Amino acid sequence: AVPDVREAPQYQSVEMARAEGLCSLLCVPMQINTRVIGVLNVYTAERRRFREAEVEFLSALAAQSATAIENARLYWTMLETQEQLRQSERLAALGRMSAGLAHEIRNPLNTMQLLVYAMQKDCPPPDPLSADLKIIQDEVGRLTLLVDQCLDFARPRQPEMVPQKLQEIMEETLLFVSAEARRRGIRLRKSWPR
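Cut-offs and rules
Residues numbered from 1 in each chain as written. Predicted model: local features only at pLDDT ≥ 70, side-chain atom pairs only at ≥ 80, totals over all residues. Heavy atoms only, no water. Helix = DSSP H or I, 4+ residues; strand = E, 2+ residues; numbered from the N terminus. Rg over C-alpha atoms; globule rule 2.2 N^0.38 Å. Pairing = 2+ DSSP bridges. Phe/Tyr/Trp six-rings, centres within 6.5 Å; stacked < 30°, edge-to-face > 60°. Buried < 20%, exposed > 50% of the residue type's maximum accessible area, 1.4 Å probe, protein only. Patch = residues over 30% accessible without salt bridge, like charges linked within 9 Å, V, L, I, M, F, W, Y side chains within 5 Å. Areas by Shrake-Rupley, 256 points an atom, 1.4 Å probe, with all protein chains shown as cover. Salt bridge = Lys/Arg side-chain N within 4 Å of Asp/Glu carboxyl O. Disulfide = S-S within 2.5 Å.

1. Re the overall build of the protein chain
Broken down by element type, the protein chain carries four helices and two strands. Its helices and strands in sequence order give the protein chain the pattern α-β-β-α-α-α, from N to C terminus. Here the C-alpha radius of gyration of the protein chain, 37 Å, is well above what a compact globule of 194 residues would show, namely 16 Å. Taken over the C-alpha atoms alone, the protein chain extends approximately 105 × 35 × 30 Å along its principal axes.

2. So, the pairing of strand β2 (residues 35-43)
Looking at chain direction, strand β1 (residues 25-32) and β2 are connected through eight bridges and run antiparallel. Bridge assignment links glutamine 31 to a residue of β2, and that residue is valine 36. Hairpin connection, β1 to β2: the antiparallel pair is bridged by two residues, and asparagine 33 has positive phi, about 55°.

3. Comments concerning the environment of arginine 189
Structurally, arginine 189 is set in the segment after α4 (166-183). For the pair arginine 189 and leucine 174, spaced 15 residues apart in the sequence, the C-alpha separation amounts to 9.5 Å.

4. Some thoughts on the packing of aromatic side chains
Inspection of every chain in the model, using the stated rule, returns one aromatic pair. On the basis of an interplanar angle of 70° and a centroid distance of 5.8 Å, the ring pair of tyrosine 75 and tryptophan 76 is categorised as edge-to-face. Its relative accessible area of 44% is what places tyrosine 75 among the partly exposed residues. The exposure class assigned to tryptophan 76 is exposed, which follows from its relative accessible area of 55%.

5. Examining a nonpolar patch on the surface
A cluster of nonpolar residues, Leu143, Leu146, Phe176, Val177, Ile186 and Leu188, forms a patch on the protein surface that exposes about 470 Å² of accessible area. Elements represented by at least two residues in the nonpolar patch include exactly α3 (129-154) and α4.

6. Here's the deal with the state of the cysteines
A covalent bond between the sulfur atoms of two cysteines is referred to as a disulfide. Within this structure, the stated rule accounts for zero disulfides. Just so you know, cysteine 23 is unpaired, no disulfide at all, and the nearest cysteine sulfur is the one on cysteine 27, 14 Å from it.

What follows is the structure in structure tokens.
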């Protein structure tokens, strides 16, 4: 309690208090358990000494206000948590749906790979269809890789550290970008030893 804020050296807004006509001040902390979440300030226009009943009333009001504020904060936290849970459930459902779709796509891709393989046997490299079959084979391989990655994402496993062959990784990468490169008029050329 401050009898007159205009004369209190610790009060920092003396000019504002004079302009607003503020005199006596009672500050009551708003706290939850031991944590202070705010302060309830009551000013009077005339100098006065706050009675014990007034201090008790404002303390009760501050405690009720702190409880209401904390309850509102907890309510919003609960709403956010529920929304995150709904998002997680949607993502899980999407993962299951993606896995089912990937399995359904994989079967026709396997059939296409077998048919292209058989056709390549009938059309060796001098045949004009040979180049087209190679493109189809590459594209089916790219789609198969995407399906496999989709399945891996839908059912993640613990990472396994194993040695890899750089050439195989580069082959897969080229397979990934070859269609886009062709579309943009970029010609890719491999030059590593076999």
